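Spelled out, the chains give:
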Amino acid sequence: MKSALKNLKSFAGGLHPPDGKHFSAGKAIEICPLPEELVIPLAQHIGAPAEACVEVGALVKKGSPIAKAKGFVSVPIHASTSGEVIAVEPRLHPMGKHLPAVVIKPDGKDLWDDSLTGADPQDLNAAELKNRLQAAGIVGLGGATFPTHVKLSPPADKPIDTLILNGVECEPFLTADHRLMLEETERIFDGIDILRKILGITRAVIGIEANKPDAIELLTARGAARQIEVQALEVKYPQGAEKQLIDAITGRQVPSGTLPMEVGVVVQNVGTCAAISDAIRRGHPLVERVVSITGPALVEPKNLLVRIGTSLQFLVDQCGGLNGAAAKIIMGGPMMGQTQLSLDVPAIRGTSGVLIFRQQDLPRYEAGPCIRCGRCISVCPIHLQPTSIAACARLDMIDQAAGYHALDCIECGCCTYICPATLPLVQSIRYAKAAIMAQKRTT
Amino acid sequence: MFASILTLGGIGLFAAVALGVAAKKFAVEIDPRELAVLDALPGANCGACGMPGCAGYAKAIVDGSMAPNLCTPGGSEAIEKIAQIMGVEAQSAEPQVAVVCCQGDNQKATLKYRYLGLYDCNAAQKIADGPKTCPGGCLGLGSCVRACPFDAIEITAAGLAVINRDKCTGCQKCVAQCPRSVIHMTPRLAETHVLCNSTDKGAQVRKYCQVGCIACQICKKNAPEAYQIENFLARVDYSHAAAAAAVAEKCPTKCIRDFSHGYPDGSSYGVPTPEKLRGEAV
Amino acid sequence: MENQLYLSSSPHIHNGETTDQVMRKVIYALVPASLVSLYFFGLPALSVLLICTLGCMVFEALSCWLKKIPQTLADGSAALTGILLALNLPPSSPWWISLLGAAIAILIGKQVYGGLGHNPFNPALVARVVLLISFPVQMTNWTAPAPLTSGFDAVTTATPLGEMKTAVMLTGKLPALAQSGFSDYLLGNMGGCLGEVSALALLLGGVYLLYKKIISWHTPVAFIGTVLVLGGIFWAIAPEKYPSPLFHLVTGGLILGAFFMATDMVTSPVTTKGMLIFGCGCGLLTLLIRLFGGYPEGVSFAILLMNAATPLIDRFCRPKIYGQRPAKA
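For clarity, every value in this text was computed on a predicted model and none was experimentally measured.

J.: Tell me about the overall build of chain B, residues and numbers included.
T.: Within chain B, the secondary structure is distributed over 11 helices and 9 strands. Its C-alpha atoms give chain B a radius of gyration of 25 Å, clearly above 19 Å, the size a compact globule of 282 residues would have. Seen through its principal axes, chain B has C-alpha atoms that stretch 90 × 50 × 30 Å. The proportion of buried residues among the 282 residues of chain B is 41%. Partitioning the intrachain contacts of chain B with sequence separation of at least 6 by distance along the chain shows that 58% fall at a separation of at least 24.

Okay, structure coming up:
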């Protein structure tokens, strides 16, 4: 399989943070036991939050809907296990505020809802498949949590010819997708077939970074008979970002301000594929996912199959607890993840990883003046000028920030990672983007 | 040498004549009142009136498209002068100054988390609704200081914004910047204010702030017309400002401040100029 | 109990290299050249180096104190400016020239603009040029190298470029020295500023900077390349009037300028394309001044002039944003 690893593709820009994968890469996925309480927020995806459709005291089964989708760009939320609804109230959400959630006390029996039925994808047409995906609450599991059925519904004037599967997992420390590709290959491939049927295309390419040679080898071998290609990619962050992935695999650049459908591509995370397979074949909604609980602060980092709504505290306990006081709790990877107020937050559909840093793992931070070294410009995968946008943001020069294409920033964090002055570039650019959007709304 | 004197002198003379002719011939017709109004305005270009600069506002006053009493930094003296120039009645609005309704600096109020990042209140507010536990409290990172064109705000060493009542002109730029809406406009002549912005119940407030309003109603009981309690937060009714001042000391958490006794702890502003002197100093 | 957790915007890791480490690495890169200058010029060189470096640090501390802002000495930029300034001064500089240079470099070249990151011109070069124009006698008083081991006193001499300029102006032809003596020039056995003498020591430092990725190859290669190519053209046309490209390379401040002065991040363009244009411009101006200008050495002036052009270069060299080229079929 050396040939697959020799023909590495890539994109311009980016950088190589230390991998950090060794903490949990070799660990097979373990099933996380049920906690005492599951707190399931109603806002777990892009689009309108779901609306609760159960009341306190209701008995639910695993997979029963507990909240309805609101509109087209929305999905329903389901109970992650059988039990009793003990509260429908605001609870601390990973976004840092108290948002509506349904709290379930598991009854320990873990019974699936009988009304859920699987089907053979051959018997269903594209529209029926998409409806089932929405009903199953399938959203992008790479972290963006965009409702999948919407992504699979491009308008007629945007024909799709390529399906790209994101097995890159370029964020340091995270290994959930890697393990999934090794252990659940069949489910992933099944999901790919279903996606190809919905889109009505034949070409599917899985992008995998070269630091996962075992996954590349396995998927290339198995994929050959199923007309699923595997493209090995140079190890560089942010190869897993949608735009960079499309550029590396197809050579096409998604025009500024548009979506991948503009260049005839749909991208899906490999975890989403596995969830799609379950949703159609077995009728199972999205109630659990693989999460990497990792980082130098954990006694025993692991890749766990976690029920949606399990608190981070419970997950950390499953990993043997911490070997030092936590200084930062990050949901996601270290480059784009969100810091948390406490471990009493639930894992949600978009939680790909939980990272704990102690004081000694934190980088030095003393923002000094910009020395115009230009490193941020050379690493930006979108080829922006982060220091210029940040300077405009600091001076509230919003029009100039828009002139520097601030809205094109994918907030990958490369610029801030490399900045010798430790300037909070991504934060400043986010400020500029919010100000530009606010300005657009008022004019 | 003679030739060079003649040449240069001649060029100078020619240029002077040419400039004089051009000044007369290409003169822009400005209503002389516009220049007088511009002179009466403070010239800070702060934008409080709604125009980006004083020149624009002067023009708008003279051509009648804007009212002459919108300049809060200029105060009653500017409004009177402008009214005189335009030949209309002076209708000054009651002068207002901004007040930061919070005394919970880092030593008196708790933090939800330790914030790392841009030293800006709006940026910090985006991260889990800001580092201060109190949802309405001042974050003390200085967005208001940067917005103020009159250098009237400071951040104390313990992280609290304080507005100088003598320097504040009421332009409201700080109010627009504050993500927690903790800055409120108050009549300049009223010196007693409830410096709290939290609408949480008293028991909750006690947990995160030593000087927050717990809605115990003591102020209202002692001066019923001067205080209103709404949403677990007391507010001074400024039409009875004198009565409010009398009971300020009775507040158990000391969240009511009479500014004639001084600014909040840690402020370098001392004591505001007493009202009777202020009229003369201007 | 208060929450001790840190919350911040992403990203949450950093590659670890901060501004002071960058400055420190540049100082390390200048150590070989400084040592060679000490070897060739002895105690006077030491005094220039010390007064310039310490003087710059003192003036930086003074400015911060006057401006009532936190001290910035820890970022190492003042010390670096001091060393670079010292390397741009003749070894026989009196103490007051070094001190005045330090004051001009820090106070006028840097602090007046707002401190680190805001100056448009290279501070060390600003100081050197101001001194050169104000005190031409002291600034062109060259001593012959007297290696520490030889025990000789200082003897005045001329720099190779100075000799070349005088000879060409007087006789229209190059002096004999310009055609030979390369090993001397390479190692540093010639008259010149502290930092001009040893091409080898400077190249060592330059390679270290490239290896550590403190500078990128674009500016030095464009700068030196342009000088070599244009110098070569002129040499080919009239070898008796114009020296060979190799002569240009090892004499004067070309290597010091190309690797350490033109690559100053604050005053040079931020994109690689811009750096190439910047380097070429510096090379062109250097050569023109050396061959046709009034001064024998043009590196300082060339770099300062190109510093002035940097904002313009940056404006026209903005990178092409992802997603701006039409989608391929």
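J.: How would you sum up the overall build of chain A? Please name residues and give values.
T.: Within chain A, the secondary structure is distributed over 14 helices and 17 strands. Its C-alpha atoms give chain A a radius of gyration of 21 Å, within 12% of the compact-globule value 22 Å for 443 residues. Projected onto its principal axes, the C-alpha positions of chain A cover 65 × 50 × 50 Å. Considering chain A as a whole, with its 443 residues, one finds that 58% of them fall into the buried category. Long-range contacts, defined as pairs at least 24 residues apart, comprise 73% of the intrachain contacts of chain A with a sequence gap of at least 6.

J.: Any details on the domain arrangement of chain B? Residues and values, ideally.
T.: Residue and element names in this part refer to chain B. When its domains are assigned, chain B resolves into domain 1 (32-93) and domain 2 (96-270). Its C-alpha centre places domain 1 at a distance of 31 Å from the equivalent point of domain 2. Taken together, the contact pairs 6 residues of domain 1 with 8 residues of domain 2.

J.: Can you explain the nonpolar core? Please cite residues and give values.
T.: Counting 203 residues, the largest nonpolar core has Leu-315 and Ile-389 of chain A together with Val-100 of chain B as its most contacted members. Core analysis: the second largest hydrophobic core is formed by 77 residues, Met-23, Ile-104, Ala-222 and Ile-224 of chain C among them.

J.: Describe the packing of helix H1 (residues 19-41) of chain C against helix H2 (residues 43-67) of chain C, naming the residues involved and giving the relevant values.
T.: Residues and elements named next belong to chain C. One way to put it is that H1 packs onto H2 with a least axis distance of 6 Å and a crossing angle of 140°. Here H2 runs oblique to H1, going by the angle between their axes. Contact with H1, carried on its side by Ser-34, Ser-37, Leu-38 and Phe-41, involves Pro-44, Ala-45, Leu-46 and Leu-49 of H2 and no other residues of that element. Partitioned by chemical class, the residues of the contact of H1 with H2 number 6 nonpolar, 2 polar and no charged.

J.: Let's hear about the environment of Asn-3 of chain C: which residues, and what values?
T.: Residue placement: Asn-3 of chain C occurs in the segment before strand S1 (6-8). Taking the C-beta count within 10 Å as the criterion, Asn-3 of chain C has 15 such neighbours and is therefore assigned partly exposed. With 52 residues separating them along the chain, Asn-3 of chain C and Gly-55 of chain C place their C-alpha atoms 46 Å apart. Residues contacting Asn-3 of chain C, with those up to four places away along its chain left out, are Leu-341 of chain A together with Leu-111, Lys-112 and Tyr-113 of chain B.

J.: Tell me about the interface of chain A and chain C, residues and numbers included.
T.: Frequently, the measure chosen for interface size is the accessible area that the parts lose on association. On the side of chain C, 35 residues touch chain A, which itself brings 52 residues to the contact. Mapped onto the side of chain A that touches chain C, the elements with two or more residues apiece are strand S15 (326-331), strand S16 (338-339), helix H13 (414-418) and helix H14 (425-442) of chain A. Of the residues forming the side of chain A that touches chain C, the biggest block, 5 residues, is contributed by S15 of chain A. Its residues placed into classes, the side of chain A that touches chain C shows 29 nonpolar, 15 polar and 8 charged.

J.: Explain the sheet that holds strand S6 (residues 77-78) of chain A residue by residue, including any values.
T.: All names here are of chain A. The 3 strands are arranged S3-S5-S6 in an open sheet whose pairing can be described as antiparallel. Each edge of the open sheet carries a strand with a single partner, namely strand S3 (51-52) and S6. Sheet topology note: the strand S5 (residues 65-68)/S6 ladder contains 2 bridges and is antiparallel. Across the sheet, the residue bridging to Ala-67 is Ile-77, located in S6.

J.: Summarise the pairing of S5 of chain A; cite the residues concerned and give the values.
T.: Taken together, the 2 bridges between S3 of chain A and S5 of chain A define a ladder with antiparallel strand orientation. Note that in S5 of chain A the partner of Glu-51 of chain A across the bridge is Lys-68 of chain A.

J.: Outline helix H3 (residues 54-62) of chain B, supporting the account with residue identities and numerical values.
T.: Because the α-helix completes a turn every 3.6 residues, residues three or four places apart line up on one side. Residues and elements named next belong to chain B. Taken residue by residue, H3 has Cys-54, Tyr-57, Ala-58, Ile-61 and Val-62 as its buried positions. Down the axis, H3 shows its buried residues gathered within 135° of arc, on one side only. Structurally, H3 contributes buried residues whose contacts are with helix H2 (32-40) and helix H4 (75-86). Just downstream of H3 lies Gly-64, where phi reads positive at about 85°.

J.: Outline the interface of chain B and chain C, supporting the account with residue identities and numerical values.
T.: Taken residue by residue, the interface counts 10 residues in chain B and 8 residues in chain C. In terms of residue class, the side of chain B that touches chain C is made up of 6 nonpolar, 2 polar and 2 charged. Of the strand pairs in this sheet, strand S2 (residues 114-116) of chain B and S1 of chain C are connected by 3 bridges, and their pairing is parallel. For Tyr-115 of chain B, the partnering residue across the bridge sits in S1 of chain C and is Leu-7 of chain C.

J.: Give me the lowdown on the confidence of the model for chain B, citing residues and values where you can.
T.: All names here are of chain B. Across chain B, the average pLDDT comes to 87, with 96% of residues at 70 or higher. Taken element by element, the predicted model of chain B shows its lowest mean pLDDT in helix H11 (residues 275-281) (47) and its highest in strand S4 (residues 161-163) (96). In the predicted complex, the global pTM is 0.89; the interface-specific ipTM is 0.91.

J.: Let's hear about helix H7 (residues 160-171) of chain C: which residues, and what values?
T.: All names here are of chain C. For H7, which comprises 12 residues, the first-to-last C-alpha distance of 16 Å matches the rise-based estimate of 16 Å (1.5 Å per residue) to within 8%. Those residues of H7 that fall on the buried side of the exposure criterion are Pro-160, Leu-161, Glu-163, Met-164, Lys-165 and Val-168. Just downstream of H7 lies Gly-172, where phi reads positive at about 75°.

J.: Run through the sheet that holds strand S1 (residues 30-31) of chain A, naming residues and quoting values.
T.: Residue and element names in this part refer to chain A. As summarised here, the arrangement of the 6 strands in space is S1-S14-S13-S17-S15-S16, forming an open sheet in which the pairing is mixed. Unpaired on one side and paired on the other, S1 and S16 mark the two borders of the sheet. Of the pairings in the sheet, the one linking S1 to strand S14 (residues 302-307) comprises 2 bridges and is parallel in character. Pairing of Glu-30 across the sheet is with Leu-304, part of S14.

J.: Residues and numbers for unusual backbone geometry, please.
T.: Among all residues save glycine, negative phi is the norm, and among peptide bonds the norm is trans. Cis rather than trans, the peptide bond between Tyr-237 of chain A and Pro-238 of chain A has omega equal to -5°. When you line up the elements, Pro-238 of chain A lands in the loop between strand S11 (228-233) and helix H7 (242-250). Residue Pro-11 of chain C is bonded to the preceding Ser-10 of chain C through a cis peptide linkage, with omega at -5°. Following the sequence through the fold, Pro-11 of chain C ends up in the loop between S1 and H1. Positive phi, normally seen in glycine, also occurs at Gln-172 of chain B, with a value near 75°.

J.: Describe the packing of H1 of chain C against helix H9 (residues 199-211) of chain C, with residues and values.
T.: Residue and element names in this part refer to chain C. Between H1 and H9, whose axes approach to 8 Å, the crossing angle comes to 170°. Between H1 and H9, the crossing angle belongs to the class labelled roughly antiparallel. Contacts between H1 and H9 involve Val-26, Tyr-28, Ala-29, Leu-30, Pro-32, Ala-33 and Val-36 from the first element and Ala-201, Leu-202, Leu-204, Gly-205, Gly-206, Tyr-208 and Leu-209 from the second. Across the contact of H1 with H9, the residue classes break down as 12 nonpolar, 2 polar and no charged.

Thresholds, definitions, all that
- Residues numbered from 1 in each chain as written.
- Chains lettered and ligands numbered in written order.
- Predicted model: local features only at pLDDT ≥ 70, side-chain atom pairs only at ≥ 80, totals over all residues.
- Helix = DSSP H or I, 4+ residues; strand = E, 2+ residues; numbered from the N terminus.
- Rg over C-alpha atoms; globule rule 2.2 N^0.38 Å.
- Buried ≥ 20, exposed ≤ 12 C-beta atoms within 10 Å, placed from the backbone.
- Contact = placed C-beta atoms within 7 Å.
- Domains from an automatic or database assignment.
- Core = buried A, V, L, I, M, F, W, Y, C linked by C-beta atoms within 7 Å.
- Axes fitted to C-alpha atoms, helices over the stretch in contact; angles between N-to-C directions.
- Parallel < 35°, antiparallel > 145°, perpendicular 65-115°, else oblique.
- Nonpolar A, V, L, I, M, F, W, Y, C, P; charged D, E, K, R; others polar.
- Pairing = 2+ DSSP bridges.
- Arc of directions from axis to C-beta.
- pLDDT = per-residue confidence, 0-100.
- Expected span 1.5 Å × (residues − 1).

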